[in-house]
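Geometric and topological summary
Spelled out from the first residue to the last, the chains are:
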Amino acid sequence: MNEQAERVRQLLVARGVKERSLKPELARVCDISYQSVKGWFDGSTKTITAHNLAKIASHWSASLEWLTTGQGSMDAGLKVFDEGATYQINKGVQAVPVVGKAELGPEGFWSEIEHPVGNGEGYVNWPTTDPNAYAVEANGDSMAPRIKHKEFIIVEPNAEILPGDEVLLKTREEPPRCMVKVYQYTRDGRHHLANINTEYEDFKLDVKLVEKMHLVVGHAKRSMHRHE
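Source: prediction; values computed, not measured.

1. Concerning the packing of helix α2 (residues 22-30) against helix α4 (residues 50-59)
Closest axis-to-axis distance for the α2/α4 pair is 9 Å, and the angle between their directions is 105°. As the angle between them shows, α2 and α4 are arranged roughly perpendicular. Each of Leu 26, Arg 28, Val 29 and Cys 30 in α2 lies in contact with α4, whose residues at this interface are Asn 52, Lys 55, Ile 56 and His 59. Residue composition of the contact of α2 with α4, grouped by class: 4 nonpolar, 2 polar and 2 charged.

Okay, structure coming up:
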């Protein structure tokens, strides 16, 4: 069990959750599979994504900083100074750059419009410890209702990918295809992927055709975007 998982266990026990209910409750709150949660505790997953830690911290009123690093107090709350109360700031929240737009098209694919970071696309405030995290603006409804028009897809390129995770892929084809899919498994040199929109069939993709495959950790609302 990694250190973050142990802190998660301590938190839930402190909040009165029975040991036998830990994994089902975490899967429900984080909206992920039971197997993904199981990986946190059996050692097959080294870290828990910042997005899931943020959900846990919010649901059980805990400090995101404590869950992430072990520093400070377990409990979230207010710090009181002479001038009054002020909310504690979570160091894990950072400005994630928006690097382009996803013009969504048929069958869940899109035409990626990439821009250099800082070229007018702005930032999304998001809890992450990945220094290379980035966001892509979604335009269109081919992945609705999971990803809505004008929402931002948040990606952590350095995070581990497990079966059941949403991933952003870009192929080496000409022209390249970009997509957000659900990763199932890799076998015989092929990635097996499921579609978010159930109108489209699952498919296989040769590993050699994949230029990048990064973990999608969440979808941010327009209200979380800022231009500077």
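After that view of the structure, there is still more to cover.
2. Comments concerning the pattern of salt bridges
One pass over the full model with this rule turns up 7 salt bridges. With its nearest N and O atoms 2.7 Å apart, the salt bridge here joins Lys 221 to Glu 151. Of the two residues, Lys 221 is situated in the loop between β12 (210-220) and β13 (225-226) and Glu 151 in the loop between β6 (134-139) and β7 (152-156); the sequence distance between them amounts to 70 residues. In this structure Glu 151 comes out as buried when scored by relative accessible area, which is 6%. Among the charged side chains, a network of salt bridges with common partners joins Glu 6, Arg 9 and Glu 19.

3. Examining the packing of aromatic side chains
Counting across every chain of the model gives 0 aromatic pairs. Directly above the ring of Phe 41 sits Lys 23, whose terminal nitrogen or CZ lies 5.2 Å from the centroid.

4. Quick notes on unusual backbone geometry
Despite not being glycine, Asp 31 shows a phi value in the positive range, around 60°. With respect to the helices, strands and loops of the structure, Asp 31 is situated in the loop between α2 and α3 (34-42). The backbone of Ser 61 shows a phi angle near 50°, a positive value even though the residue is not glycine.

5. Topic: the confidence of the model for the chain
Overall, the prediction assigns the chain a mean pLDDT of 78, with 78% of residues at 70 or greater. Averaged pLDDT values for the elements of the chain fall to 33 in strand β1 (residues 78-81) and rise to 91 in helix α1 (residues 3-14). The model gives residues 77-91 a pLDDT under 50, and that stretch makes 13 contacts with residues more than four places away or in other chains. Confidence drops under a pLDDT of 50 for residues 115-120, and excluding neighbours within four residues, the segment shows 6 contacts in the predicted structure.

6. Quick word on α1
Across its 12 residues, α1 extends 16 Å between first and last C-alpha, which sits within 8% of the 16 Å expected from 1.5 Å per residue. Of all the residues in α1, the buried ones are Gln 4, Ala 5, Arg 7, Val 8, Leu 11 and Leu 12. Within α1, the buried residues cover an arc of 160° as seen down the axis, which keeps them to one side. Away from its buried face by more than 90 degrees, α1 exposes Glu 3 and Ala 14. Contact partners of the buried residues in α1: α2, α3, α4 and α5 (64-69). After α1 finishes, the residue Gly 16 shows a positive phi value of roughly 90°.

Here is what the cut-offs are and how they apply
Residues numbered from 1 in each chain as written. Predicted model: local features only at pLDDT ≥ 70, side-chain atom pairs only at ≥ 80, totals over all residues. Heavy atoms only, no water. Axes fitted to C-alpha atoms, helices over the stretch in contact; angles between N-to-C directions. Helix = DSSP H or I, 4+ residues; strand = E, 2+ residues; numbered from the N terminus. Parallel < 35°, antiparallel > 145°, perpendicular 65-115°, else oblique. Contact = heavy atoms within 4.5 Å. Nonpolar A, V, L, I, M, F, W, Y, C, P; charged D, E, K, R; others polar. Salt bridge = Lys/Arg side-chain N within 4 Å of Asp/Glu carboxyl O. Buried < 20%, exposed > 50% of the residue type's maximum accessible area, 1.4 Å probe, protein only. Phe/Tyr/Trp six-rings, centres within 6.5 Å; stacked < 30°, edge-to-face > 60°. Lys NZ or Arg CZ within 6 Å of the ring centre and 35° of its normal. pLDDT = per-residue confidence, 0-100. Expected span 1.5 Å × (residues − 1). Arc of directions from axis to C-beta.

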